[in-house]
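# Summary of structural features
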Amino acid sequence: MKNNFNKENSLRHVLFGSLIGTTIEFFDFYIYANAAVLVFPQLFFPGTSSTNSTLESLATFSIAFLSRPLGSAVFGHYGDKIGRKVTLVVALLTMGLSTIAIGFLPGYASIGIAAPILLMLCRFGQGVGLGGEWGGAVLLAIENAPPHKRAWYGMFPQLGAPIGLLLSGGTFLILTDTMSGEAFMDYGWRIPFIASSLLVIVGFYIRLKISETPAFENSKLEQKEVKIPFFTLIKSYKNQLIFGTFSAITTFLVFYLMTVFTLSWATSDLGFTKRDALLIQLFSVLFFAIFIPVSALVADKIGRRKILIITTAAIAVFGFFFSYFLNSGNPVMVTAFVCIGMSLMGFTYGPLGTFLSELFPTQVRYSGASLTFNMAGILGAAFAPMIAIWLASTYGLNYVGFYLTTAAFISLVSFLVISKKVHQF
């Protein structure tokens, strides 16, 4: 199969198109994560205790992970059948409109139980959009990449995660610094949700300027498309689906332990102010961003599987030091802890998209890569903050670390037993 770079797709358009989309998607996703800890417990889930309100709020956070496989199946089907471009545009709009709608929702005090129900519906829409976005953005990059730079190209959409997190965390930090607590809870928290409409417009414009990927065009010319990609995956690629999913769960778990759980635990149990906790988180994201391109460079040299195995083993060891850092309550120790965790996250996240995409042939690649990634999101992240808070509250922080180490062991086994065949592009 030919793998020539599509001349209609300039390098700038391809890489920026893959990056801007995931930046927008993850910005939308993370402003919800921040609000789920800082705002929604009081606004949508006023309860008998702050812990119960937080757990109820984090339960809605998990809804998007449950709906992401649906987005993967639907958008993956059309992405493999009609092309990456149109599918990516629709996924972006689905995520963007769901996020903007959250900014206009009234609280529990205004409309009662309807408020959290509407919030859950919007969160469901966010998950469907992101489920379709990630796989398409990764394929847009790597299906335009030279074979020896596939991990490098594939890391550009991955960079959208730290950039989106920086933008979302920075926005909340600015708002909490410049507004009174009452004003922020009244209307300030709504600003980033509504302002995301500007980013969606930019992403929509960029995506419309990009042509189909060469790999998809070649697959169409050679008439290699399948009738229903999902059924083909189940029939012929069960090994890749199952172990690809388990190989990615540690990536999700370490990230949400370093962000949502740590933000919640630091502000509720360690006595950190919301501002200080957000500053620590934003600083750690710089390490996340730095090590994504570093890991991609290494992955193109030694192989995607090898760098992921090494990093996952390091995460398993890191889990044993969980309570040592957090129990100290020392700002320097806590900051070091989060920075180490986010550095490991960068190393595992950078080559992950390329690794998962290479498990599947072109005609089912969108569906396969998206489903493995988003099923891993259910297992590794959907209930991770809730489980971690419960473990820490009931048994102590040591058990949160054991939780991470156990997940890393499962991923390590999966990397070792998964099919080693790399499909052509």
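Residues numbered from 1 in each chain as written. Predicted model: local features only at pLDDT ≥ 70, side-chain atom pairs only at ≥ 80, totals over all residues. Heavy atoms only, no water.

Our focus in this paragraph is the overall build of the protein chain. Summing up its helical and strand segments, the protein chain has 20 helices and 0 strands in all. The globule rule puts the C-alpha radius of gyration for 425 residues at 22 Å, and the 20 Å found for the protein chain is close to it. Counting only residues that meet the buried cut, the protein chain has 61% of its 425 residues in that class. The long-range fraction of contacts in the protein chain, counting pairs at least 24 apart against all pairs at least 6 apart in sequence, stands at 86%. One way to put it: in the protein chain the 27 positive side-chain charges average out to a point 12 Å from where the 18 negative ones average out. (Helix = DSSP H or I, 4+ residues; strand = E, 2+ residues; numbered from the N terminus. Rg over C-alpha atoms; globule rule 2.2 N^0.38 Å. Buried < 20%, exposed > 50% of the residue type's maximum accessible area, 1.4 Å probe, protein only. Contact = heavy atoms within 4.5 Å. Lys, Arg positive; Asp, Glu negative; His and termini not counted. Charge placed at Lys NZ, Arg CZ, Asp CG, Glu CD.)

Attention now goes to the packing of helix H19 (residues 384-394) against helix H20 (residues 397-417). In the contact formed by H19 and H20, the axes pass within 7 Å of each other and the chain directions differ by 140°. With respect to their mutual orientation, H19 and H20 come out oblique. In this structure, H19 meets H20 at a crossing whose hand is right-handed. Between H19 and H20, the contacting residues are Ala384, Ile387, Ala388, Leu391 and Ala392 on the first element and Leu397, Tyr399, Val400 and Tyr403 on the second. When grouped by side-chain class, the residues that make up the contact of H19 with H20 number 9 nonpolar, no polar and no charged. (Axes fitted to C-alpha atoms, helices over the stretch in contact; angles between N-to-C directions. Parallel < 35°, antiparallel > 145°, perpendicular 65-115°, else oblique. Left-handed = near helix turned anticlockwise from the far one by under 90°. Nonpolar A, V, L, I, M, F, W, Y, C, P; charged D, E, K, R; others polar.)

Okay, the packing of aromatic side chains next. As enumerated under the stated definition, the model contains 31 aromatic pairs in all. With centroids separated by 4.9 Å and ring planes inclined at 80°, the aromatic side chains of Phe322 and Phe337 adopt a geometry described as edge-to-face. Here Phe337 lies in helix H16 (residues 331-349) and Phe322 lies in helix H15 (residues 322-326), a separation of 15 residues in the sequence. The pair formed by Phe322 and Phe337 is uniform in burial state, with each residue classed as buried. Aromatic rings pair up to connect Tyr30, Phe65, Trp134, Phe252, Phe255, Tyr256, Phe288, Tyr349 and Phe373 into one cluster. Over the ring of Tyr32 we find Arg123; its NZ or CZ atom is 4.1 Å from the centre of that ring. (Phe/Tyr/Trp six-rings, centres within 6.5 Å; stacked < 30°, edge-to-face > 60°. Lys NZ or Arg CZ within 6 Å of the ring centre and 35° of its normal.)

Take the packing of helix H4 (residues 84-102) against helix H9 (residues 190-208) next. Packing of H4 against H9 leaves a shortest axis separation of 8 Å and a crossing angle of 165°. Between H4 and H9, the interaxial angle falls into the category roughly antiparallel. Where H4 crosses over H9, the two elements pack in a sense that is left-handed. Contacts between H4 and H9 involve Lys85, Leu88, Val89, Leu92, Leu93, Gly96, Thr99, Ile100 and Ile102 from the first element and Arg190, Phe193, Ile194, Ser196, Ser197, Val200, Gly203, Phe204, Arg207 and Leu208 from the second.

Throughout the structure, instances matching the rule amount to 3 cavities of 30 Å³ or more. By volume, the largest cavity amounts to about 100 Å³. Taken together, Phe26, Tyr30, Arg68, Ala161, Thr251, Phe252, Phe255, Tyr256, Met345, Tyr349 and Phe373 make up the full set of residues lining the largest cavity. Where the lining of the largest cavity is concerned, the elements lending two or more residues are helix H1 (11-38), helix H12 (238-268) and H16. Ranked by the residues each element gives to the lining of the largest cavity, the list is headed by H12, at 4 residues. Here the second largest cavity defines a volume of roughly 70 Å³. Along its surface, the second largest cavity is lined by Met258, Thr259, Thr262, Leu263, Ala266, Ala277, Ile280, Gln281, Val334 and Val338. (1 Å grid on protein atoms, 1.4 Å probe; cavity = no way out; pocket = protein on both sides within 12 Å on 5 of 7 lines; lining within 4 Å. Points joined across faces, edges and corners; volume = space filled by probe spheres on them.)

Bringing the nonpolar core into the picture now. Counting residues in hydrophobic clusters, the biggest one holds 130 residues, and the most contacted among them are Phe40, Tyr256, Phe261 and Phe322. With 16 residues, H1 is the largest single contributor of residues to this core. Dropping the residues within four chain positions of it, Phe40 is found in contact with Tyr32, Ala35, Phe45, Ser57, Ile102, Leu119, Trp189 and Phe193. (Core = buried A, V, L, I, M, F, W, Y, C linked by side-chain atoms within 4.5 Å.)

Tracing the backbone shows Ser62 in helix H3 (residues 50-81). Given the relative accessible area of 2%, Ser62 is considered buried. Ignoring anything within four residues of it in the chain, the contact list for Ser62 reads Ala382 and Phe383.

Bringing the confidence of the model for the protein chain into the picture now. Within the protein chain, residue pLDDT values average 87, and 96% of them lie at 70 or more. By mean pLDDT, the top-scoring element of the protein chain is helix H14 (residues 304-318) (96), and the lowest-scoring one is helix H10 (residues 214-221) (74). Between residues 1-7, whose pLDDT stays under 50, and residues either more than four places distant or in other chains, the model counts 24 contacts. (pLDDT = per-residue confidence, 0-100.)

Our focus in this paragraph is a nonpolar patch on the surface. Where nonpolar side chains cluster on the molecular surface, the patch consists of Ile242, Phe246, Leu379, Phe409, Ile410, Val413, Leu416 and Val417 and spans about 700 Å² of accessible area. Here Leu379 is to be found in helix H18 (residues 362-382). Take Leu379: its relative accessible area is 48%, and that puts it in the partly exposed class. (Patch = residues over 30% accessible without salt bridge, like charges linked within 9 Å, V, L, I, M, F, W, Y side chains within 5 Å. Areas by Shrake-Rupley, 256 points an atom, 1.4 Å probe, with all protein chains shown as cover. Salt bridge = Lys/Arg side-chain N within 4 Å of Asp/Glu carboxyl O.)

In this structure, the largest pocket encloses a volume near 360 Å³. Together, 16 residues line the largest pocket, and Ser50, Thr51, Thr54, Ser264 and Ser268 are the ones closest to its centre. Every element with two or more residues in the lining of the largest pocket is listed here: H1, helix H2 (40-43), H3, H12 and H19.

Here we come to H1. With 28 residues, H1 ought to run about 40 Å at 1.5 Å a step, and its terminal C-alpha atoms sit 40 Å apart, in line with that. Counting buried residues along H1, 25 of its 28 residues qualify, which places the element largely inside the surrounding structure. (Expected span 1.5 Å × (residues − 1).)

Here we take up H20. The terminal C-alpha atoms of H20 lie 31 Å apart, and with 21 residues this matches the ideal 30 Å at 1.5 Å per residue to within 8%. Of the positions making up H20, those classed as buried are Leu397, Val400, Gly401, Tyr403, Leu404, Thr405, Ala407, Ala408, Ser411, Leu412, Ser414 and Phe415. Looking at the buried positions of H20, the neighbouring elements they touch are H12, H14, H15, helix H17 (352-357) and H19.

Right, let's talk about the pattern of salt bridges for a bit. Pairing of side chains with opposite charge becomes possible as their charged atoms draw close. Enumeration over the complete set of coordinates arrives at 7 salt bridges. The partner of Glu143 in a salt bridge is Arg84, with the nearest N and O atoms 2.8 Å apart. In this pair, Glu143 is assigned in the loop between helix H6 (114-142) and helix H7 (150-178) and Arg84 in helix H4, connecting sequence segments 59 residues apart. Judged by its relative accessible area of 0%, Glu143 is buried. Among the salt bridges present, the one from Arg365 reaches Glu143, with a minimum N-O distance of 3.0 Å. Highlighted residues: Arg365 in helix H18 and Glu143 in the loop between H6 and H7, separated in sequence by 222 residues. Judged by its relative accessible area of 0%, Arg365 falls in the buried class.

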